[in-house]
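Understanding the architecture of this molecule
The primary structure of each chain is shown beneath.
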Amino acid sequence: MVEGSEPSPGSGAVGPTVTVDPDRCVGSATCVGIAPELFELRDGVAHGGPVPPDAVDEAQDAVDACPVQAISLVGTSRDPGRS
Amino acid sequence: MATITDETAYTSPGIQAEPFAHFNRLREEAPIHWNERHRAWVLTRFADVRQWLRDPRMSVDRVRPYFEKRVPATQKDELRATFELLARWLPFLDPPRHTDLRGVIQNAFTPKVIRSQHEQIKEVVDEVLDDTVSRIREVGTLDLVPELAQRIPAQVMTRMLHLDGDDYERIHEWTEGLGLFIAGAVDEPDRNARIHDGVSQMASYVDRVITLSGDDPESDIIASLLAAEDGGTRLTRDEVIATGVLLVFAGYRTTASSIANALRLVIERRGVRDALAREPELVPSAVEEFMRFEGHSRVLVRWASEDLEVAGQPISAGDRVFFLTAAANRDPRQFEEPDQLILDRAPNPHLGFGYGIHYCLGAPLARVEQQETIQAFVQRFPPVEVATNGISWEAVVTNRALERLVVTTTSGG
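All of these numbers come straight from a predicted model, not from anything done at the bench.

Points about the overall build of chain A
- Within chain A one finds two helices and five strands.
- Its helices and strands taken in sequence order, chain A reads β-α-β-β-β-α-β from the N to the C terminus.
- Counting only residues that meet the buried cut, chain A has 45% of its 83 residues in that class.
- Long-range contacts, defined as pairs at least 24 residues apart, comprise 58% of the intrachain contacts of chain A with a sequence gap of at least 6.
- For chain A, the exposed area adds up to about 4,200 Å²; of that, 51% sits on carbon and sulfur atoms.

Laid out in C-alpha cells, this is it:
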C-alpha cells in the first residue's frame, strides 16, 4: 500500500502522482476499487501517492471515475486532450 | 452456462422480514441469475457489482423508457411534466449531462460544507431527541420511525433549505407517492396519479422557495444552486426545481430509512448499544457497518445500453439489471465474517451508498446525521425493546425500509 509514501513538498523532481482533495473526498472508495495499489482509504478519506509508469492509465481511470472529482493526476507528459 | 431463475418477489412478506438467507444463497449459487417476477438480471457478488456499477454501458436513464412503455396513453398528457422533472434528476441521468450537473450540485454537499453545518445538525438531533425522550417517559411506548428516524432528516433538510419547519407534514405526504415509484411498489394501485400529485406539489413548493430564497450561496443551498457554476455549466430554473425536489426527497426518505435500520440494530442487540455508549469513538465505523449490514438500499437498478456479457451471462440491450448490494455487502470473498456485525470493521468498502459516478451525493450529510442520532440515542434514550409485532417493512422492491419500529421502555428505564 501507499502508507507514508506521499511525496513531500520540495522533494525535487517527482514522477506522476495522484492526490486527493480531502475537502471534496466523500470516501466512496471508487478509486480504491479501480487501483488498490495507488489509493488507500484512511478514516473515510482516500489518499494517493506516486504512480509507477505502468499504472498511469489506471490512475487516469480513477480520476475519471471519482464521483466528486476529488482526484488529480499530476506530473505526466500525457496529452491533456486525451482524457 | 445454465441460467438460474428466481421466482421470488422482493416485496413478499418473507423476504421483507428476512431477506439475507435468500440473497446469500442466490449469491453463492451463481454470480448472476434471472428474476422472473421482476423481469431483471440480478448481479450478486461484490467484485462484479463494483465492476459493472462503474461501466458506462449500464445506463440509469429509466424515466423516459418507463414513460414511453408503461404509462398508459390516456395518462401521458397528465403525467408528462412529472416525468420530465424526474428525468432531470442526477440519479436518472447518464453522462455527459450527468457529469455537468453533478459537478455543479456537489459543490453544495462537499465534506467541507457539511462540516460547517455540523453544529446545526447536532442541534436538530438534540432537540428532536429531547422531545422524544420526554414523550416515551410519559407514555412508555413510541413508534421510532415517524418520531425519530423521519423527524431528524426532515428537520435537517427544512433548515438547510430554509423551509418552514411546519412544512414537515406536507413533505412527508408528498414524498410518499414518489417513493412508490422510485422504490418500485409494483402492486400499488393509482401509482401514477399519486406520483404526479406529490411531484407537482413539491415542484411548486420548491418554485416558491426559489423565489423567496436569499442571495447568500454560503448559507443557502438553493441560492448556491442558482449561483453555482462549474466549467461554465449553470443550472436552468427547471433543473434547480428538479434538484430541489430531489434533495427534499432523497435527503428525507433515504436518510430516515438508514437511521431506522440502525436504531433497530442498536435496540435489538443490547451488546451493540452498550459498546457504543461505552466507546463513543466507535460510532463512525459502526455507522458504516450498519450501512453494510442493513443499509436502506438493497437493489440498484441499471439498463444495459448494448448487448453485453456479464459474469459469463450474455444479456441484451434494453435488459434490466438489478445490482443486489444487499448480497454483495455480505460477500465472503470481500468481507470476513460477513454475517457478523463488527462495529470496528476496517476497511469497510460497503456499497450502501452505491459506487462510481452515481455514488450518493448526500453521503457526507447522511453520515453526520446517522452518527449524531446514534450517539445521542445510546447516551440518552431510556432502555427500550421492540414491542411485540412492533416491526413492519415497506412493501417495495429496491429498499429495506422500516414502516414501523414500535418500542416500549423496559424496567429500569
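Things to note about the interface of chain B and chain A
- At the interface, 18 residues of chain B touch 15 residues of chain A.
- The contact between chain B and chain A buries some 1,400 Å² in all, and 49% of this surface belongs to carbon and sulfur atoms.
- The interface formed by chain B and chain A contains one salt bridge.
- A salt bridge links B:R115 to A:D23; the nearest nitrogen and oxygen atoms lie 2.8 Å apart.
- For the interface between chain B and chain A, the tally reads eight residue pairs in polar contact (both at pLDDT 80 or more).
- Elements that contribute at least two residues to the side of chain B that touches chain A include exactly α6 (97-105), α7 (111-139) and α16 (363-380) of chain B.
- A class-by-class count of the residues in the side of chain B that touches chain A yields five nonpolar, six polar and seven charged.

As for the packing of helix α8 (residues 144-160) of chain B against helix α9 (residues 168-183) of chain B
All names here are of chain B.
- It is at 10 Å that the axes of α8 and α9 come closest, and there the two elements cross at 105°. Of the possible angle classes, the one that applies to α8 and α9 is roughly perpendicular. Residues P146, Q150, R151, A154 and T158 of α8 form the contact with α9, whose participating residues are Y168, I171 and H172.
- For the contact of α8 with α9, the residue count by class is four nonpolar, three polar and one charged.

Considering empty space enclosed by the protein
Residues and elements named next belong to chain A.
- Counted by the stated rule, this structure contains five cavities of 30 Å³ or more.
- Lining the largest cavity we find 14 residues, and of these C25, S28, C31, A46 and C66 sit closest to its centre.
- Here the residues of the lining of the largest cavity are counted per class, giving eleven nonpolar, three polar and no charged.

A short note on the layout of surface pockets
- For the second largest pocket, the calculated volume is near 810 Å³.
- Along the walls of the second largest pocket sit 30 residues, with A:D43, A:G44, A:V45, B:E288 and B:R367 positioned nearest its centre.
- Of all the secondary-structure elements, those providing two or more residues to the lining of the second largest pocket are β2 (40-42) of chain A together with α7, α14 (283-294) and α16 of chain B.
- Taken together, the residues that form the lining of the second largest pocket break down as 15 nonpolar, eight polar and seven charged.

Observations regarding the sheet that holds strand β4 (residues 49-50) of chain A
Residues and elements named next belong to chain A.
- With antiparallel pairing, the three strands of this open sheet are ordered in space as β4-β1-β5. Sheet topology places β4 and β5 (71-74) at the edges, where each strand pairs with a single neighbour.
- Pairing of strand β1 (residues 17-20) with β5 involves four bridges; the strand directions are antiparallel. Across the sheet, residue V20 finds its bridge partner in β5, namely I71.
- Strands in contact with helix α2 (residues 56-65) are β1 and β5; relative to β5, the strand with the most contacts, it is inclined by about 150°.

Some remarks on the pairing of strand β6 (residues 300-304) of chain B
All names here are of chain B.
- Most of β6 sits out of view: five of its five residues are buried.
- Along β6, one buried face is formed by L300, R302 and A304 and the opposite face, lined by V301 and W303, is buried too.
- When strand β4 (residues 58-59) meets β6, the two strands line up antiparallel, connected through two bridges. Among the inter-strand pairings, M58 is bridged to a residue of β6, identified as A304.

Notes on the side chain of B:H196
- Along the chain, B:H196 turns up in helix α10 (residues 191-212).
- Not counting the four nearest positions on each side in its chain, B:H196 is found in contact with B:E78, B:L79 and B:T82.

Considering the nonpolar core
- In terms of nonpolar packing, the biggest core is built from 97 residues, with B:L85, B:W89, B:L178, B:L276, B:F290 and B:F377 touching the most fellow members.
- Once you skip the residues sitting within four places of it in the chain, B:L276 turns out to touch B:V266, B:L282, B:V283, B:A286, B:F290, B:L343, B:I374, B:V378 and B:Q379.
- Membership of the second largest hydrophobic core comes to 49 residues, among which are A:C25, A:L38, B:I315 and B:V321.

Cut-off values and rules
Residues numbered from 1 in each chain as written. Chains lettered and ligands numbered in written order. Predicted model: local features only at pLDDT ≥ 70, side-chain atom pairs only at ≥ 80, totals over all residues. Heavy atoms only, no water. Helix = DSSP H or I, 4+ residues; strand = E, 2+ residues; numbered from the N terminus. Buried < 20%, exposed > 50% of the residue type's maximum accessible area, 1.4 Å probe, protein only. Contact = heavy atoms within 4.5 Å. Areas by Shrake-Rupley, 256 points an atom, 1.4 Å probe, with all protein chains shown as cover. Buried area = accessible area lost by both parts, 1.4 Å probe. Salt bridge = Lys/Arg side-chain N within 4 Å of Asp/Glu carboxyl O. Polar contact = N/O pair within 3.5 Å; in protein donor to acceptor, adjacent residues only side chain to side chain. Nonpolar A, V, L, I, M, F, W, Y, C, P; charged D, E, K, R; others polar. Axes fitted to C-alpha atoms, helices over the stretch in contact; angles between N-to-C directions. Parallel < 35°, antiparallel > 145°, perpendicular 65-115°, else oblique. 1 Å grid on protein atoms, 1.4 Å probe; cavity = no way out; pocket = protein on both sides within 12 Å on 5 of 7 lines; lining within 4 Å. Points joined across faces, edges and corners; volume = space filled by probe spheres on them. Pairing = 2+ DSSP bridges. Core = buried A, V, L, I, M, F, W, Y, C linked by side-chain atoms within 4.5 Å.

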